[in-house]
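# A closer look at the structure
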Amino acid sequence: MRIWEQFRLQRKLPVATSSLTMVLVIFILVLSSPPANALPAFARKYGLRCSACHEAWPMLNYFGQKFKDNGYQLMNDRDAPIWQNPSYWPVTFRIIPLWHRESNNKVAVDTEAQSPGGPIPAERRISSSGFDLSGLDFHTGGTLEKNISFYVLPSSDATASFHFETVMGRLDNLFGSPWLNVKLGKFELDNLVSEKRILTLTAISGVYQTYHFRPQGDGNIFGQIGDNQLGVELMGHSANDRTRYSAALLSSSDGQVNLPYGSNAYSGFFTASQAFNVGKWGVDRVGAYAMIGVAPTSYLTLTTGGTATPIAGSGTGNRPYNREGFVGLFYFGKLDFQVVTQHGWDSAWFGAGYGDFIGGNAPNNNTPGSVLPPGFRAPSWNGYLVETHYVYSPQLIFIQRSEWERMSQQADPTVRSDLGNVDMYTLGYRYMPIMTSRAGFAWHNEYSWMRQRGISPVNSRDVSSSSLLLGFDFDF
Amino acid sequence: MRTFMIRWALLVTVTAFLGFSALSSAQMTRYEQDQRLGTEAHVGNLTGHAHAAKENYRRYCVGCHGEEGDGEGENAVWLDPKPRNFTLGQFKCRSTPTGTLPTDEDLYNTLGRGLVNSNMPSWNPLSNQARIDLVAYVKHFSPKFQGDKPGPPVQIPPEPEVTAERIKAGQAVFQKLECWKCHGVEGRGNGPSADTLTDDQNRPIKPFNFHDGTRFKCGTSDQDLYKIFMTGLDGTPMPSFADNVKPDEAWQLVFYLRTLQPMQSKEKQIARQLGLKPINPNSTPTPSPQPAASDTPATAPATAPETSPAASPASPPPADSASPNPPQRK
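Residues numbered from 1 in each chain as written. Chains lettered and ligands numbered in written order. Predicted model: local features only at pLDDT ≥ 70, side-chain atom pairs only at ≥ 80, totals over all residues.

## Comments concerning the overall build of chain B
- Each helix and strand in chain B was counted, giving ten helices and two strands.
- Listing each helix as α and each strand as β along chain B from the N terminus yields α-β-β-α-α-α-α-α-α-α-α-α.
- In chain B, buried positions account for 45% of the 330 residues.
- In chain B, the proportion of contacts linking residues at least 24 apart, taken out of those at least 6 apart, comes to 69%. (Helix = DSSP H or I, 4+ residues; strand = E, 2+ residues; numbered from the N terminus. Buried ≥ 20, exposed ≤ 12 C-beta atoms within 10 Å, placed from the backbone. Contact = placed C-beta atoms within 7 Å.)

Following this line, the structure appears as structure tokens:
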């Protein structure tokens, strides 16, 4: 007690010094936190750190891809739930409290100038910033029995309005062969560069532009391979996962439940890839994919009060579309490149604004007697994506991504040839100071910029947007 | 006040001394380990370097095996069986005699294959180079690898033809060697001694249940099973029978154990034709016959003899990590 009193007398440090010391201590504690250790539901089951399956969570590395391809099994004959403690419940939630700034340089706004029709609009930059939330994901997945897997992911937006992002059951290793696995439900397409495992989070870069690009005025939303889709998938792989293939039959509904579109509208998604050793650099992979399908353009309607409302499920008049691309994953030690090139083609009907009349993304309904506007052609375009990662350590990753979308043929021959072209760049890093096999936590900081050609609402000039995000990305 | 100052100074001095000593000791251990980062591993044309595997060890292995390779990773407490303590230089899956160090290829194959019925998965998605680097890293934890050499790989004679006589003889060997005491009369891992078994760390351990899967702890092929008899699984109660079993008897035992596994095999087909019943542990085992080459062949066609990987340690590594092991039986 006496010693403590002596110390207390001398301990009259200024408040500023104490605060600085505290900040320093917290800083040191953060920097000296335990080393990185993913989906914690799986990590808890197997005792592996998330870095074992994820190059940087949530992006999979080769081991994680094999684990997924095996139906969330390590294939060590301990995968069935009977081997788990009965209290084990495979649930993980993920949410991101964040601060972000969004800026768009050409938003249509009213001016004081008046015309007979009302205020004359003009274009202004609008920037806003503040603290915010991401949506909330509840992941649950694993095995129901050896070689029977499942995944259920109720997901909400930032207002906690939920939908099912993923619901699937999978029969693994049919007839004892890793080449035969069947999945049924709503699931992530077998993309080697998967949008569901994207490392970037801003409003601009949170999706792959290449996977979602639509020409201006195009009404086809059904070829977005970044979205989870409803269907059945046959997938197979070699024992070490070096060779992979998949073939999926999908409803042309862009993953929307309750059969909102048409009857007999299906698409196919096919992938094949091969990985190979590149000595000390690691393992590289090259692959190709294609999505080929048809989707409705004609819907029955019911007019009430002068407004024609389309009737869900009544879609007919299927028109074709396709997407095909090449993917490469190239590793150079700690540096890796993901490269995607994609060619897109839509029927001229989609290009003329037919397609998703139900959801309002297509303004036109292909009613009997409809004809294409004179000269309209099938739009086509090409997309390019290059994402680079520098994995300083399993805990710290630097990310760059560049995307370019280029129209090769506009549906309307009278519009400028580069209308709607996209350039997107993003730069960021994720630092995971405390990521264990029980939980994941990342400090995420990222800036993105995007330009779209000629789409400003008033003057048809280029629109540029930017997004800055800082947040805590955590799951448990 | 003065007494207080003296006591205080003494306390600080002693604390500083003890702290420094502890730190020095820790640094010495770290220094030694850093020195060992020069450890290499060689399999065929591949050369692994321990220092190159530091990041991968931290990414993939540390959660179970621990920073120091002592098997005390953060998850070790939850795992059964426990992760390997690399510092002891003792490994289950070897091609070398019991009590000796494994070859680099043994460790390389274990990394690629994983260990069934444990949390150790197959790491074959990693590149061959990454795995051989990890082998070097695993070796660097144990001083044994700095001085000792691996034992000479056990020689595996060509696999004889599967015959009904050999299967019956294998059952007799199963009884004679008292395998049933741990593995049970039907090979279900429920023998009378099963509940009493412990590993060399005195932790409970379960005998292998042959009805449970198609793979063994150290591989899938007949050669792998033969090798397990001859090398034992060091650190477990499974001994080496190299001094007790002749090669012919070991092959007979391999064929008999195949009849206990769940998948279809020619051994199982023959056993069904023979109406083979589980052993009676109270009966006296009939002496193991020595079948001649002209034994009545089984109804199933014989396979061509395979050369064990262990018999040719200098063989080049597999072109791809898919094939470090002989083909799996389905």
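## Here's the deal with the packing of helix 6 (residues 164-176) of chain B against helix 10 (residues 266-274) of chain B
Residues and elements named next belong to chain B.
- The N-to-C vectors of helix 6 and helix 10 enclose an angle of 85 degrees; their axes lie 10 Å apart at closest approach. Here helix 6 lies roughly perpendicular to helix 10, going by the angle between them. Judged by residue contacts, A164, I167 and K168 of helix 6 engage E267, I270, A271 and L274 from helix 10.
- Along the lines of polarity and charge, the residues of the contact of helix 6 with helix 10 split into five nonpolar, no polar and two charged. (Axes fitted to C-alpha atoms, helices over the stretch in contact; angles between N-to-C directions. Parallel < 35°, antiparallel > 145°, perpendicular 65-115°, else oblique. Nonpolar A, V, L, I, M, F, W, Y, C, P; charged D, E, K, R; others polar.)

## As for the interface of chain B and chain A
- Between chain B and chain A, the residue contacts involve 33 residues of the former and 31 residues of the latter.
- A per-element tally of the side of chain B that touches chain A places helix 2 (residues 54-65) of chain B first, with seven residues.
- In terms of residue class, the side of chain B that touches chain A is built from 13 nonpolar, 13 polar and seven charged.

## Focus on the environment of N173 of chain A
Residues and elements named next belong to chain A.
- Counting through the fold element by element, N173 comes out in the loop between strand 8 (162-171) and strand 9 (181-187).
- Taking the C-alpha atoms as reference points, N173 and S246, 73 residues apart in sequence, are found 14 Å from one another.
- Aside from chain neighbours lying at most four places away, what touches N173 is N147, P178 and N181.

## A short note on helix 9 (residues 247-260) of chain B
Residues and elements named next belong to chain B.
- For helix 9, which comprises 14 residues, the first-to-last C-alpha distance of 21 Å matches the rise-based estimate of 20 Å (1.5 Å per residue) to within 8%.
- The buried count for helix 9 comes to twelve of 14 residues, which makes it a mostly enclosed element.
- Those residues of helix 9 that fall on the buried side of the exposure criterion are E249, A250, W251, Q252, L253, V254, F255, Y256, L257, R258, T259 and L260.
- Residues of helix 9 that are buried sit in contact with helix 6, helix 8 (222-231) and helix 10. (Expected span 1.5 Å × (residues − 1).)

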